[in-house]
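# A look at the structure
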Amino acid sequence: MKPIQICQHLGQGHIDAYYDELSGKEVRAVLKAGGCSVNVPETAYTQSARRRAWRKRFDAEFGGGNDQLALALLLEWLMRHHRSMLVDYLDFLGVKHRQGETDEDFCATRDEAQLREGVAELLKKYPAAHVATYLLLVGHLQETPVYDQTPEVLTSLGMSADAAAKYVEAHKLSYKPKAQRSPTPMITTQPAA
């Protein structure tokens, strides 16, 4: 699931809460990473006025489907404010890490049963939407279908059980491992005469 889809399924209430956890400096970093301007009107001289201007920009970009901004928001929110969840999951899996950061493609080195056991462990300790956000983002970044095909993760994101079951079935039919995807054709242009 792409980051923008994660945000859409979470709903406005969760996105508001995630945004509100970020400092002004973190919001600017997210906007820049998402390819957006951080400039505000001259009249926005208070922190709250700047945050309102940035929030309007966020909402407009999300409405336009800016996946890069969604990715930046989720990463900043996780790494700055919910690192303990990352640490707990990687510790459970026995993955070497530095404060929740690892270069290991652990979704490829651990079996699906162990990855799913970790889901249940996280759900015992953290809010369901936070767990779903983290794991679906990991699935996206590590290009694994495990979390997209785990109904507990999808219902934690806010899907109904029926919608989650349909999503899992559709994902199983449409997902192709990286090795089986057709390469993107190169586009060439003719030199100008």
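Throughout what follows, the structure given in this document is the object of discussion. (Residues numbered from 1 in each chain as written. Predicted model: local features only at pLDDT ≥ 70, side-chain atom pairs only at ≥ 80, totals over all residues. Heavy atoms only, no water.)

## Overview of the packing of aromatic side chains
To keep it simple, the criterion reads: Pairing of aromatic side chains requires ring centres within 6.5 Å, counting the rings of Phe and Tyr and the six-membered ring of Trp. Pairs whose planes differ by under 30 degrees are stacked, by over 60 edge-to-face, and all others tilted. A run of H or I in DSSP becomes a helix once it reaches four residues, and a run of E becomes a strand once it reaches two; helices and strands are each numbered from the N terminus. Type-normalised accessible area, obtained with a 1.4 Å probe on protein chains alone, sets the label of each residue: buried when under 20%, exposed when over 50%, and partly exposed for intermediate values.
Within the structure shown, the criterion is met by five aromatic pairs. Ring centres 6.2 Å apart and planes at 70° place the aromatic pair Tyr-89 and Phe-106 in the edge-to-face group. One end of the pair, Tyr-89, is in helix 6 (residues 83–93); the other, Phe-106, is in helix 7 (residues 106–109), with 17 residues separating them in the sequence. Phe-106 shares its class with Tyr-89; the two are buried. Put simply, the rings of Tyr-19, Phe-58 and Phe-62 touch in pairs and so form one group of aromatic residues.

## Digging into the packing of helix 2 (residues 12–21) against helix 5 (residues 67–81)
In plain terms, the rule: Axes here mean lines fitted to C-alpha atoms, for a helix over just the part in contact, with angles spanning 0 to 180 degrees between N-to-C directions. Note on angle classes: values under 35 degrees are labelled roughly parallel, values over 145 roughly antiparallel, values of 65 to 115 roughly perpendicular, and the remainder oblique. The crossing is said to be left-handed when, going from far helix to near helix, the turn is anticlockwise and less than a right angle, and right-handed when the turn is clockwise. Working rule for contacts: check all heavy atoms of both residues, and any pair within 4.5 Å makes them a contact.
Two elements in contact, helix 2 and helix 5, have axes whose closest approach is 10 Å; the angle formed by their N-to-C orientations is 55°. The angle between helix 2 and helix 5 places the two elements in the oblique class. Where helix 2 crosses over helix 5, the handedness of that crossing is left-handed. Between helix 2 and helix 5, the contacting residues are Ile-15, Tyr-18 and Glu-21 on the first element and Leu-73, Leu-74, Trp-77 and His-81 on the second.

## Points about the state of the cysteines
Selection rule: Cysteine sulfur atoms are paired as a disulfide whenever they come within 2.5 Å of each other.
For the structure shown, the criterion picks out zero disulfides. Sulfur of Cys-7: no disulfide; nearest cysteine sulfur belongs to Cys-36 and is 13 Å away. Residue classification places Cys-7 among the buried positions, given a relative accessible area of 5%.

## Details of the pattern of salt bridges
Stated precisely, the cut-off is as follows: Salt bridges are identified by distance alone: a Lys or Arg side-chain nitrogen within 4 Å of an Asp or Glu carboxyl oxygen.
Going through the model one piece at a time under the given rule, you end up with nine salt bridges. Between Glu-101 and Arg-83 there is a salt bridge whose closest N-O contact spans 3.0 Å. Linking Glu-101 in the loop between helix 6 and helix 7 with Arg-83 in helix 6, this pair joins segments that are 18 residues apart in sequence. Residue Arg-110 is joined to Glu-104 by a salt bridge in which the shortest nitrogen-to-oxygen separation is 2.8 Å.

## What to know about helix 9 (residues 128–141)
Note the threshold: An expected span of 1.5 Å times one less than the residue number is assigned to each helix.
Spanning 14 residues, helix 9 covers 20 Å between terminal C-alpha atoms, matching the ideal 20 Å at 1.5 Å per step. Taken across its 14 residues, helix 9 has eleven buried, putting it largely inside the fold. Taken together, the buried positions of helix 9 are Ala-129, His-130, Val-131, Ala-132, Thr-133, Tyr-134, Leu-135, Leu-136, Leu-137, Val-138 and Gly-139. Of the residues one or two after helix 9, Glu-143 is the one with positive phi, at around 50°.

## Concerning the packing of helix 6 against helix 8 (residues 112–125)
Cut-off, in case you're wondering: Side-chain classes follow a simple rule in which Ala, Val, Leu, Ile, Met, Phe, Trp, Tyr, Cys and Pro form the nonpolar group, Asp, Glu, Lys and Arg form the charged group, and the remainder, Gly included, forms the polar group.
Orientation of helix 6 relative to helix 8, taken along the N-to-C sense of each, is 140°, at an axis distance of 10 Å. Taken together, the axis directions place helix 6 and helix 8 in an arrangement best described as oblique. Our pair here, helix 6 against helix 8, has a crossing hand that is right-handed. Between helix 6 and helix 8, the contacting residues are Met-85, Asp-88, Tyr-89, Phe-92 and Leu-93 on the first element and Gln-114, Leu-115, Glu-117, Gly-118, Val-119, Glu-121, Leu-122 and Lys-125 on the second. Split into classes, the residues belonging to the contact of helix 6 with helix 8 amount to seven nonpolar, two polar and four charged.

## A look at the nonpolar core
Let me state the cut-off plainly: We define the nonpolar core as a collection of buried residues of types Ala, Val, Leu, Ile, Met, Phe, Trp, Tyr and Cys that are connected through side-chain atoms lying within 4.5 Å of one another.
Among the nonpolar cores identified, the biggest contains 53 residues, and Phe-58, Phe-62, Tyr-89, Phe-106, Tyr-134, Leu-135 and Tyr-147 are the most heavily contacted of them. Discounting residues that sit within four places of it in the chain, Tyr-147 has contacts with Tyr-89, Phe-106, Cys-107, Leu-115, Val-119, Leu-135, Leu-136, Val-138, Gly-139, Val-153 and Leu-154.

## A few points about unusual backbone geometry
Within the chain, Gln-99 stands out as a residue other than glycine whose phi angle is a positive 50°. Residue placement: Gln-99 occurs in the loop between helix 6 and helix 7. On the basis of relative accessibility, which here comes to 58%, the residue Gln-99 falls in the exposed class. At Glu-143, a position not held by glycine, the phi torsion is positive, near 50°. In this fold, Glu-143 is placed in the loop between helix 9 and helix 10 (151–157).

## With respect to the environment of Pro-145
Along the chain, the position of Pro-145 falls in the loop between helix 9 and helix 10. Taking the relative accessible area as the measure of exposure, Pro-145 reaches 15% and is therefore buried. Spatially, the C-alpha atoms of Pro-145 and Leu-157 are 16 Å apart, while their sequence positions differ by twelve residues. Leaving out residues up to four positions away in the same chain, Pro-145 has contacts with His-171 and Tyr-175.

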